[in-house]
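# Coordinates in review
Letter by letter, the chains look like this.
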Amino acid sequence: MDHRPNRARVIQSADVYVDAAGLIYSTDYNAGLSIMEFGG
Amino acid sequence: MSELPGPDYARNMRLIGHSDQGGRPDGVQVMVHRGFAYVGHMFSKGWSVIDVCDPKRPRAVNYVPAPPGTWNIHLQTHDDLLLVVHAKDMFAAAEFADERSYYRGQLGQIVGTAQGRGAARDWRRVFDIADPFRPSKSGRSCPRRQRA
């Protein structure tokens, strides 16, 4: 979590990784790791 | 595992799993390798290993702290190895007490790396991740070579 003073608590997506199965792993430095799948 | 947050908007995408990374949600670079996600941290100063063999139930299994004065925002997996960059923690640097400094001038000149100052803090370390639950140091490379 961004703990610097006077920083808004907002989405801060940082990186994305797509594995061989097509699952999407995305980091956000205010919100942890999210794992998603594409529905086409 | 944390409860799945609801998206404000989603189309053709479905959130199936979420992790607060063992209470260190400040994830930056992520590499997924053999069922484990390796996540570098900006504020927690280190990197975490998340078991994603079941992506609906990701589970933090390890955390490795960064050396003092550094952060881990870049890492790379290969076979049984994980390359981690211990770069200068810019938010702890006096030069960036005023964040606007980051966006002015040349970064290397501001933090001194362009002149070789602070280079000793800029290390790359290799970890053996054959056992992701117990990563171990397998070696350490030299600081980036300075330009002549």
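Rules used in this analysis
Residues numbered from 1 in each chain as written. Chains lettered and ligands numbered in written order. Predicted model: local features only at pLDDT ≥ 70, side-chain atom pairs only at ≥ 80, totals over all residues. Helix = DSSP H or I, 4+ residues; strand = E, 2+ residues; numbered from the N terminus. Buried ≥ 20, exposed ≤ 12 C-beta atoms within 10 Å, placed from the backbone. Contact = placed C-beta atoms within 7 Å. Nonpolar A, V, L, I, M, F, W, Y, C, P; charged D, E, K, R; others polar. Pairing = 2+ DSSP bridges. Core = buried A, V, L, I, M, F, W, Y, C linked by C-beta atoms within 7 Å. Axes fitted to C-alpha atoms, helices over the stretch in contact; angles between N-to-C directions. pLDDT = per-residue confidence, 0-100.

### As for the overall build of chain B
Scanning chain B from terminus to terminus reveals 1 helix and 9 strands. Each helix (α) and strand (β) of chain B, taken in turn from the N terminus, gives the series β-β-β-β-β-β-β-α-β-β. Residues counted as buried form 32% of the 148 residues belonging to chain B. Across chain B, the fraction of contacts at a sequence separation of at least 24, relative to all contacts at a separation of at least 6, is 40%.

### A closer look at the interface of chain A and chain B
Taken together, the 24 residues of chain A in the interface contact 28 residues of chain B. Within the residue set of the side of chain A that touches chain B, elements represented by two or more residues are β1 (13–18), β2 (24–28) and β3 (32–38) of chain A. Looking at the side of chain A that touches chain B residue by residue, the classes come out as 11 nonpolar, 7 polar and 6 charged. Of the pairings in the sheet, the one linking β3 of chain A to strand β1 (residues 13–19) of chain B comprises 6 bridges and is antiparallel in character. Along β1 of chain B, the bridge assignment pairs M36 of chain A with L15 of chain B.

### Here we look at the nonpolar core
Ranked by internal contacts, the top residues of the largest apolar core, which has 28 residues, are L33 of chain A together with A37, Y38, V39 and I50 of chain B. Elements with a minimum of two residues in this core: β3 of chain A together with β2 (27–33), β3 (36–41), β4 (46–51), β6 (70–78) and β7 (81–88) of chain B. Apart from residues no more than four positions distant in its own chain, I50 of chain B is found in contact with L33 of chain A together with S19, Q21, F36, A37, V39, P58, R59, A60 and V61 of chain B.

### Concerning the pairing of β3 of chain B
All names here are of chain B. Burial analysis of β3 places 6 of its 6 residues in the buried class, the great majority of the element. Neither face of β3 is left uncovered, since the one carrying F36, Y38 and G40 and the one carrying A37, V39 and H41 both have all their residues buried. Note: β2 against β3, 5 bridges, orientation antiparallel. In the strand pairing of β3, M31 is matched with Y38.

### A closer look at the sheet that holds β3 of chain A
Strand order in the open sheet formed by 4 strands is β1(A)-β2(A)-β3(A)-β1(B), and the pairing between neighbours is antiparallel. Taken across any chain shown, the strands that pair with only one partner, and hence form the sheet edges, are β1 of chain A together with β1 of chain B. Along the sheet, successive strands turn relative to each other by an average axial angle of 25°, direction set aside.

### Quick word on the sheet that holds β2 of chain B
All names here are of chain B. With antiparallel pairing, 4 strands are arranged side by side in an open sheet as β2-β3-β4-β5. For this open sheet the edge positions go to β2 and β5 (59–65), each flanked by a neighbour on one side alone. On average, each strand axis in the sheet is inclined to that of its neighbour by 20°, with strand direction left out of account. With 6 bridges joining them, β3 and β4 adopt antiparallel strand pairing. Looking at the pairing, V39 lines up with S48 of β4.

### Details of the pairing of β3 of chain A
Residue and element names in this part refer to chain A. The buried count for β3 comes to 5 of 7 residues, which makes it a mostly enclosed element. Of the strand pairs in this sheet, β2 and β3 are connected by 5 bridges, and their pairing is antiparallel. Its bridge partner lying in β3, D28 is registered against G32. Between β2 and β3, which pair antiparallel one after the other, the connecting turn spans 3 residues.

### Digging into unusual backbone geometry
Backbone geometry places Q21 of chain B, a non-glycine residue, at a positive phi of 60°. Examined against the element boundaries, Q21 of chain B turns out to sit in the loop between β1 and β2.

### Some details on the confidence of the model for chain B
Residues and elements named next belong to chain B. Looking at chain B, the pLDDT average stands at 84 and 83% of residues meet or exceed 70. Averaged pLDDT values over the elements of chain B bottom out at 71 in helix α1 (residues 107–111) and peak at 98 in β3. Of the two predicted TM-score estimates for the complex, the pTM is 0.86 and the ipTM is 0.93.

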